[in-house]
Amino acid sequence: MPRRRIGFWYRFAAVLCKPPLVVLIKRDWRGMENIPDEGGFITAVNHNSHVDPFAYAHYQYNTGRVPRFLAKAGLFRKGFVGAAMRGTGQIPVYRESTDALSAFRAAIAAVERGECVAFYPEGTLTRDPDGWPMTGKTGAARVALQTRCPVIPVAQWGANELLPPYAKKPNLLPRKTHRVLAGPPVDLTRFYDKEMTPDVLKEATEVIMAAVTAQLETIRGEKAPEKPYDPRQVRIEQRRRAAALEKTPETAQQEEGQGK
């Protein structure tokens, strides 16, 4: 299937966004040869700055295969931003609603049309203290197993030095370097003939996230933690500790006595 035309809105967005990106950050971009020349595919990308969607889109735009991001539905509703989101073919995500699955259906349809759909599998900015990828959500794996399309793991580093996660002010000087490395397609063939159970989706997601993390290890020249940061487990542990602190000495003694 031939490449889709980039279109007016994407070119217009590039005219607006590329000049400040070129001024603010240098580029060390590798792995473009792993981006498919044609046909639908997924990129799975780590997320460590509010700036990195723009920086990564610049990288992807220069490959000739523009990405369709999954983005909050509210961004599509009003004004210029909404028009740009719709015009560039981004995919709205309706969180915590009956339309939550529509994003996956739209992503599947986009891949089947021969487009690139970019996933941030972590679902939000990383909360890992050292900026490594967290555990992933299963959306990318679900679309990949449904369509059997290539999944390209992409790691990026540097936008987070310009604007760290959850920071309000950028760190402009010295000028930062945006490093991107796209790896070869993730091998998910062993999952193709299995029922898409939660366990299968979880395992496939772990394979995808391991590939993204491996690319980031190459960029950073260091090893990631053995286990990825799991925000769900951290919240559970925080609630457990908070509950323990709220116990009175008498309650704690009673529970200890019951446990004996």
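Above this text is the structure in question.
Below or above, wherever it landed, is the structure these notes cover. (Residues numbered from 1 in each chain as written. Predicted model: local features only at pLDDT ≥ 70, side-chain atom pairs only at ≥ 80, totals over all residues. Heavy atoms only, no water.)

On a regular strand, each side chain points to the face opposite its neighbour's, so the side chains alternate between the two faces of the sheet. By the criterion of burial, strand S2 (residues 41–45) is predominantly enclosed, with five of the five residues buried. On S2, burial covers both faces: Phe41, Thr43 and Val45 on one face and Ile42 and Ala44 on the other are all buried. Two strands pair when backbone bridges link them, and S2 and strand S5 (residues 116–119) are joined in this way by four bridges, in the parallel orientation. If you follow Ala44 over to S5, its bridge partner there is Phe119. (Buried < 20%, exposed > 50% of the residue type's maximum accessible area, 1.4 Å probe, protein only. Helix = DSSP H or I, 4+ residues; strand = E, 2+ residues; numbered from the N terminus. Pairing = 2+ DSSP bridges.)

A word on the side chain of His178. Turning to its location among the elements, His178 is positioned in strand S7 (residues 176–182). Engagement of the side chain of His178 in a polar contact is seen with the side chain of Trp29, the distance being 3.3 Å. (Polar contact = N/O pair within 3.5 Å; in protein donor to acceptor, adjacent residues only side chain to side chain.)

Quick look at a positive patch on the surface now. Taken together, the side chains of Arg127, Lys137, Arg232, Arg235 and Arg239 make up a positively charged region of the molecular surface. Take Arg232: it is sitting in helix H8 (residues 231–246). (Patch = residues over 30% accessible without salt bridge, like charges linked within 9 Å, V, L, I, M, F, W, Y side chains within 5 Å. Areas by Shrake-Rupley, 256 points an atom, 1.4 Å probe, with all protein chains shown as cover. Salt bridge = Lys/Arg side-chain N within 4 Å of Asp/Glu carboxyl O. Lys, Arg positive; Asp, Glu negative; His and termini not counted. Charge placed at Lys NZ, Arg CZ, Asp CG, Glu CD.)

Moving on, we get to the pattern of salt bridges. Counted by the stated rule, this structure contains ten salt bridges. The salt bridge involving Glu237 is made with Arg240; its shortest N-O contact spans 2.6 Å. Residue Glu237 and its partner Arg240 are located together in helix H8, separated by three residues, close to a single helical turn. Residues joined by salt bridges that share partners form a network here, namely Asp28, Arg30 and Arg179.

This part takes up the packing of aromatic side chains. Applying the stated rule across the entire model yields ten aromatic pairs. Ring centres of Phe8 and Trp9 lie 5.6 Å apart, and the angle between their planes is 75°; this geometry places the pair in the edge-to-face category. Note on Phe8: relative accessible area 58%, which makes it exposed. Centre to centre, the rings of Trp9 and Phe80 are 5.9 Å apart; their planes meet at 55°, and the pair counts as tilted. (Phe/Tyr/Trp six-rings, centres within 6.5 Å; stacked < 30°, edge-to-face > 60°.)

Time to look at a nonpolar patch on the surface. Taken together, the side chains of Leu16, Leu75, Phe80 and Val81 make up a nonpolar region of the molecular surface, amounting to roughly 360 Å² of accessible area. Position of Leu16 among the secondary structure elements: in helix H1 (residues 8–24). The exposure class of Leu16 is partly exposed, given its relative accessible area of 44%.

Here Ala211 shows up in helix H7 (residues 198–220). Sequence spacing of Ala211 and Val151 is 60 residues, and the spatial spacing of their C-alpha atoms is 10.0 Å. When neighbours within four sequence positions are excluded, Ala211 is seen to be in contact with Pro153 and Val186. (Contact = heavy atoms within 4.5 Å.)

Taking 1.5 Å of rise per residue, 16 residues should cover 22 Å, and H8 covers 22 Å from first to last C-alpha, within 8% of that figure. Structurally, the start of H8 carries an N-cap: the backbone nitrogen of Arg232 is 3.1 Å from a side-chain oxygen of Asp230. (Expected span 1.5 Å × (residues − 1).)

Let us now look at the sheet that holds S2. The pairing of strands in a sheet comes from backbone hydrogen bonds and takes either a parallel or an antiparallel form. Spatial strand order, S1-S7-S6-S2-S5-S3-S4: seven strands in an open sheet with mixed pairing. Single-partner strands in this sheet number two, and they are strand S1 (25–30) and strand S4 (91–93). With direction set aside, neighbouring strand axes in the sheet form an average angle of 25°. Together, S1, strand S3 (67–72) and S7 form the strand contacts of H1, whose direction differs from that of S1 by roughly 110°. (Axes fitted to C-alpha atoms, helices over the stretch in contact; angles between N-to-C directions.)

This next bit is on the nonpolar core. If you look at the biggest cluster of nonpolar residues, it comprises 28 residues, and the most contacted ones within it are Ile42, Val151 and Leu188. For this core, the secondary structure elements donating two or more residues are S2, S4, helix H4 (102–112), S5, helix H5 (139–147) and H7. Ranked by the residues each element gives to this core, the list is headed by H7, at seven residues. Beyond its immediate stretch of four places on either side in the chain, Ile42 contacts Val111, Val117, Phe119, Ala140, Val143, Ala144, Cys149, Pro150, Val151 and Ile152. (Core = buried A, V, L, I, M, F, W, Y, C linked by side-chain atoms within 4.5 Å.)

On to the side chain of Glu217, then. Note on placement: Glu217 falls in helix H7. The exposure class of Glu217 is buried, given its relative accessible area of 18%. If sequence neighbours within four positions are ignored, Glu217 has contacts with Trp132, Glu222, Lys223 and Ala224.

Turning our attention to the packing of H4 against H5. Put simply, H4 and H5 touch, their axes get as near as 10 Å, and they point 45° apart. On the basis of their axis angle, the class for H4 and H5 is oblique. Between H4 and H5 lies a crossing of right-handed hand. Each of Phe104, Ala107, Ile108, Val111 and Glu112 in H4 lies in contact with H5, whose residues at this interface are Gly139, Val143, Gln146 and Thr147. (Parallel < 35°, antiparallel > 145°, perpendicular 65-115°, else oblique. Left-handed = near helix turned anticlockwise from the far one by under 90°.)

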